Number of protein chains: 2
Amino acid sequence: MDQKERCQNSSFLPKRRQELLKWNGWGYKDSKFMLKDSAIMFSGERYPIGHGERLPLFLRWVETELGLDTSVQYHPQPEPAEQDYPPPNVRQEFLAALTAAGISHSVAGDDRLWRSHGHTMHEIFALRSASLPPLVDVVVWPESHEHVVRLVQLSGEHDVALIPYGGGTSVTGALLRPAGEPRTVASVDTSQMARVLSVCPTNLTARCEAGIIGQDLERVLQSQGFTCGHEPDSYEFSSLGGWVATRASGMKKNVYGNIEDLLVHVRLVTPRGVLERGCRAPRLSAGPDLHQVVLGSEGTLGIITEVTLKIRPVPPCRRYGGLMFPQFVCGVRFMRDVAARRLQPASVRLMDNEQFKFGQALKTASGSFGWIKSALQKAYITKWKGFDPDTLCIATLMFEGTEQEVAEQERRVLELATTHGGFSVGEENGKRGYMLTFVIAYIRDLAFDFQMLSESFETSMPWDRCLTVCDSVKRRVRQECSDRGVSSVFITCRVTQTYDAGAVVYFYFAFCYKGVADPVRMYEDVEAAARDEILRCGGSISHHHGVGKIRQRWMEETVSAPGLGVLRATKQYLDPHNVFACGNLYGQLPEPASKL
Amino acid sequence: MDQKERCQNSSFLPKRRQELLKWNGWGYKDSKFMLKDSAIMFSGERYPIGHGERLPLFLRWVETELGLDTSVQYHPQPEPAEQDYPPPNVRQEFLAALTAAGISHSVAGDDRLWRSHGHTMHEIFALRSASLPPLVDVVVWPESHEHVVRLVQLSGEHDVALIPYGGGTSVTGALLRPAGEPRTVASVDTSQMARVLSVCPTNLTARCEAGIIGQDLERVLQSQGFTCGHEPDSYEFSSLGGWVATRASGMKKNVYGNIEDLLVHVRLVTPRGVLERGCRAPRLSAGPDLHQVVLGSEGTLGIITEVTLKIRPVPPCRRYGGLMFPQFVCGVRFMRDVAARRLQPASVRLMDNEQFKFGQALKTASGSFGWIKSALQKAYITKWKGFDPDTLCIATLMFEGTEQEVAEQERRVLELATTHGGFSVGEENGKRGYMLTFVIAYIRDLAFDFQMLSESFETSMPWDRCLTVCDSVKRRVRQECSDRGVSSVFITCRVTQTYDAGAVVYFYFAFCYKGVADPVRMYEDVEAAARDEILRCGGSISHHHGVGKIRQRWMEETVSAPGLGVLRATKQYLDPHNVFACGNLYGQLPEPASKL
């Protein structure tokens, strides 16, 4: 056997997450945007833009583009003390049974709080205001598949509801304790099931416990010369099981595939038993594909304990690229052709003009990452090339493969860009975009300090609806804000993924909530209007974030009434007593009526 | 809009299929292998090996390799006359309701017989013996989605069971009328819903009625410069809806994808209503993917009326290739590496030594297609290259793309083959393999004439199980036959598809049933033993044929008891009165017990 059994690995993440991560914002405690000496900088040493460097243009961008007064900062409320947390609703018998089964658990307030929310804007806004979400009653840490099987049995015996918890990066309200749940609610933290069980170089697969976090998985695989290549923006913190449960998509899906393409085998522990295939064949025809029922189940059907994933040898060569186009429409046509000709590099992303300018504002003082390195170059683009700085847009590229494959891809992509009026702005400009990927999520916390609410949302659509969705959603968001008396609005989009038959668009939306009575409510209303607009234009409810609790109202429209009925019938069969009571996807909606 | 609405097309297939197709064998009436003047030839002008050419080596191969006495031929029983058919069990009220709804129908015996079976060996063997299968009672031909919706309503009102019928090429018993069904059973022939409704060059999609037959679909698409590229071996006769219902796989899936990769949108008419997505986005995260419930549903949940498929521009260049390896094991390692390096041409197939020799036997007299053109070349391979003619094997290749892409692929594949001891045997040798693809299915009818039963079955497995499955199944089949006193056995395999994490193996199995009391039963027992062996070795229940009625016994092992329960819960929800009573997939098995 060429399998290496039980590859051990230890996680970057302590069992007590609070030792490393923020309690009321994104990511590491030591990493954040901050205003210091009249400039914004990013703290810590973890990311390429930190290391004490100033971002001299960012503050001016904030003040001029958003019209914000940055002289006043709004700091969050302090972290609760243990006595501030409501007591848990849990019986000693259940805790004793957990102990007897060897399953670690805690009822400490901070442990419970950390696992009672995800990272939607609403959830973080509430924490900053010291408004606690309804807390789970107990956190449990199973350490194996067998622990999970026992836990599900115990939950039945003790009438306890379970909410699976992976990396905690949900942006759909999926981790929120459902309203009106009278039972003890236990959060099942899978972080202690985080081993790579085996790596098979012949099959190019890795069998992993589902709690492993993206960066840990990559570290273990890369130490053996492999990669799974799955890099959602949350990849530093999100878990393998979470990827499966939400149908995650990674930035390099053109080479590695989305999570559904990577999945070879999965074990789901349900109240009805363990749902899993009897073989690890790459593809089969044995009725409806039940892997696809686990994918996207969002914690409603059971706990994913083990996943066998495809892996690839680490590619010998990675390079970046940057392209500039005179207009967004040219860029979209380029993206369409990239997909039509199957020229997709590992990643290709198209930023609109607003996002191009925003990227400029994140230049560091040293300028080593500068988009446009000199005034001369800028003048060349705007004057000699005739590009309007207020309409141009940028595409960033990431190539992976052998040196020869990368060179060939670069050549063909650049050749195609030229036919759409684009030209190369060099590797550094592209690289910078990808280096910033994992930092973008930290900006929201800074925005809060300036009384801005900001959030992202994404969708997918057929190619012929792409521009319509981009334009209509931006217009609609501005109109909805204007109708509510809010003028300081930032709405921008990027095309982040290309498929044979369509694209993915990611919107970033921010507004100043100064003077707004209920900013969260206003945000929700505007995002709902944007989502209505997306669906009206032919876009989807979500490309990869999922449904959770915040997008259920569009589920019937998305999957049809009989489709929703199938999802409920599946739930009813696998979990008749609603042990997995998170309430995602179909919530408590009444049975849809027959349409025939 | 760049959509061309309502592309009309007429099918090669008449509504009365019996005018063109055999009643008791494969394919066109005018196309068959036959013994004439002491040589086997293939009749008709439809295929490359017909046109009156003799296959001078084939008869000798049959006699020496299989040890058959070909001096006696066993001819099938004549086609039944109308009075031979049992009367239909159908009430006039239902027929009148169909007429009122404008839905064409027939109770003629031949119409019913044609739609009461598929093409498993058992089914054809029975027909040749003039043993009629249990017949459906009426055939209906809806002409639109709306007709199907009305038909499903009427079936409820009149207590009629429905069996969807596409191309009739099922090899799983899926079309057989289920035993003990007391209701009127109507076969829903979708052949009159066969239009390409629109082609969208921007999205590279085609919206089609689901009854369209493969060759019609390709003809219409190619007339507009496109292809869907889906070519299962049944593609001349099988339907788009059938592909979806069975999870079909095409020989060129490396470029175009399997049916699940091609599917952008599907409409399924169920007794609960029309199940379909509200958008045509290329990918979304909105809970479990319900397309994957339709894919593989095998007629148990409803009727597929419309499919939106991905299409591609017709590639400017197609070329073939042939490679020879000294041993099958070298060929399998080559196939593994082809997939690992993602060098897959549109198709790559590896034939074992037995199949290589069989291919040699199908050489025409003119030899234009000869595998090995001259004695000199043969001597070169066996003597100077040191290849043993009893162990060597052959891979055939099909490349599609631009001239440059094809040249590059050829170069890289050949380079890789060399590292596994392989060398090129020229384009003609590869081309011939693909030209014969659609003829192979006709051989079974000739075998019957010589008292041979022959059938194929397929599986998929992880790469590290590929050789084990090939070897173990061959050994097991020979042993099972030997145990039953049958010595004249032909068992051969080919690796037909490569995936990142595994492969597909297709077995061809034939034996002489002279002196065997119940040849069909014996075949079933041996195939069942082979399937047990496959599963024991880590292979799947089926890669693309499906489950139907003949592989249900392995379903629970394949999808787990909770998985089978989910399938049944889905069926129960969408079709509570079992209108779609074909009995495929889960049949009448009792509810599986909980495993926890």
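All values reported here derive from a predicted model rather than from experimental measurement.

1. Some remarks on the confidence of the model for chain A
Residues and elements named next belong to chain A.
Argument step 1. A residue-level look at chain A finds 94% of positions with pLDDT of 70 or above and a mean pLDDT of 92.
Argument step 2. Counting contacts from residues 368–373, a segment whose pLDDT is below 50, to residues more than four positions away or on other chains yields 23 contacts.
Argument step 3. Here the predicted complex carries an ipTM of 0.95, next to a pTM of 0.95.

2. Some thoughts on the pattern of salt bridges
Argument step 1. Within the structure shown, the criterion is met by 82 salt bridges over all chains.
Argument step 2. The shortest N-O distance in the salt bridge between R484 of chain A and E480 of chain A comes to 2.8 Å.
Argument step 3. When its relative accessible area of 34% is taken as the criterion, R484 of chain A is described as partly exposed.
Argument step 4. Its relative accessible area of 13% is what places E480 of chain A among the buried residues.
Argument step 5. Close ionic contact of K474 of chain B with E354 of chain B constitutes a salt bridge, the shortest N to O distance being 3.6 Å. Of this pair, K474 of chain B sits in helix α17 (residues 466–483) while E354 of chain B sits in helix α12 (residues 353–361), and the two are 120 residues apart along the sequence.
Argument step 6. One network of salt bridges, with partners in common, ties together R207, R267, E276, R280 and E306 of chain A.

3. Considering the packing of helix α2 (residues 92–100) of chain B against helix α5 (residues 145–158) of chain B
Residue and element names in this part refer to chain B.
Argument step 1. At a minimum axis distance of 11 Å, the contact between α2 and α5 shows a crossing angle of 160°. The orientation of α2 with respect to α5, classified from their angle, is roughly antiparallel. For the pair α2 and α5, the sense of crossing is right-handed. Of the residues in α5, those in contact with E93, F94, A97 and L98 of α2 are L151, L154 and H158.
Argument step 2. For the contact of α2 with α5, the per-class residue count stands at five nonpolar, one polar and one charged.

4. Regarding the environment of F507 of chain A
Residues and elements named next belong to chain A.
Argument step 1. Along the chain, F507 turns up in strand β22 (residues 502–512).
Argument step 2. Between the C-alpha atoms of F507 and G168, which are 339 residues apart in sequence, the distance is 22 Å.
Argument step 3. Residues contacting F507, with those up to four places away along its chain left out, are E455, S456, F457, T459, V469, C470, V473, I491, T492, C493 and I534.

5. Topic: the interface of chain A and chain B
Argument step 1. At the interface, 97 residues of chain A touch 98 residues of chain B.
Argument step 2. At the boundary of chain A with chain B, total buried surface from both sides reaches about 7,000 Å², with 58% on carbon and sulfur atoms.
Argument step 3. Joining chain A to chain B, the criterion identifies six salt bridges.
Argument step 4. A total of ten residues in the side of chain A that touches chain B trace back to one element, the largest contributor, which is helix α20 (residues 561–574) of chain A.
Argument step 5. When the residues that make up the side of chain A that touches chain B are grouped by side-chain class, the tally is 42 nonpolar, 33 polar and 22 charged.

6. Re the pairing of strand β2 (residues 33–36) of chain B
All names here are of chain B.
Argument step 1. Pairing geometry for β2 and strand β3 (residues 39–42), over four bridges, is antiparallel. Bridge pairing in β3 links M34 to M41.
Argument step 2. In textbook terms, the turn of a hairpin is the stretch between consecutive antiparallel strands, and for β2 and β3 this stretch comprises two residues, one of which, D37, has a positive phi near 55°.

7. As for the sheet that holds strand β8 (residues 184–189) of chain A
Residue and element names in this part refer to chain A.
Argument step 1. Across the sheet, four strands lie side by side as β5-β6-β8-β7; this open sheet has mixed pairing. Of all strands in the sheet, those bounded by a partner on one side alone are β5 (104–106) and β7 (160–165). Each strand axis lies, on average, 25° off the axis of its neighbour in the sheet, ignoring direction.
Argument step 2. Note: strand β6 (residues 138–141) against β8, three bridges, orientation parallel. When the sheet's bridge partners are listed, V140 is paired in β8 with V188.
Argument step 3. Relative to β7, helix α5 (residues 145–158) is tilted by about 150°, and along the sheet it contacts β6, β7 and β8.

Reading guide: rules and limits
- Residues numbered from 1 in each chain as written.
- Chains lettered and ligands numbered in written order.
- Predicted model: local features only at pLDDT ≥ 70, side-chain atom pairs only at ≥ 80, totals over all residues.
- Heavy atoms only, no water.
- pLDDT = per-residue confidence, 0-100.
- Contact = heavy atoms within 4.5 Å.
- Salt bridge = Lys/Arg side-chain N within 4 Å of Asp/Glu carboxyl O.
- Buried < 20%, exposed > 50% of the residue type's maximum accessible area, 1.4 Å probe, protein only.
- Helix = DSSP H or I, 4+ residues; strand = E, 2+ residues; numbered from the N terminus.
- Axes fitted to C-alpha atoms, helices over the stretch in contact; angles between N-to-C directions.
- Parallel < 35°, antiparallel > 145°, perpendicular 65-115°, else oblique.
- Left-handed = near helix turned anticlockwise from the far one by under 90°.
- Nonpolar A, V, L, I, M, F, W, Y, C, P; charged D, E, K, R; others polar.
- Buried area = accessible area lost by both parts, 1.4 Å probe.
- Pairing = 2+ DSSP bridges.

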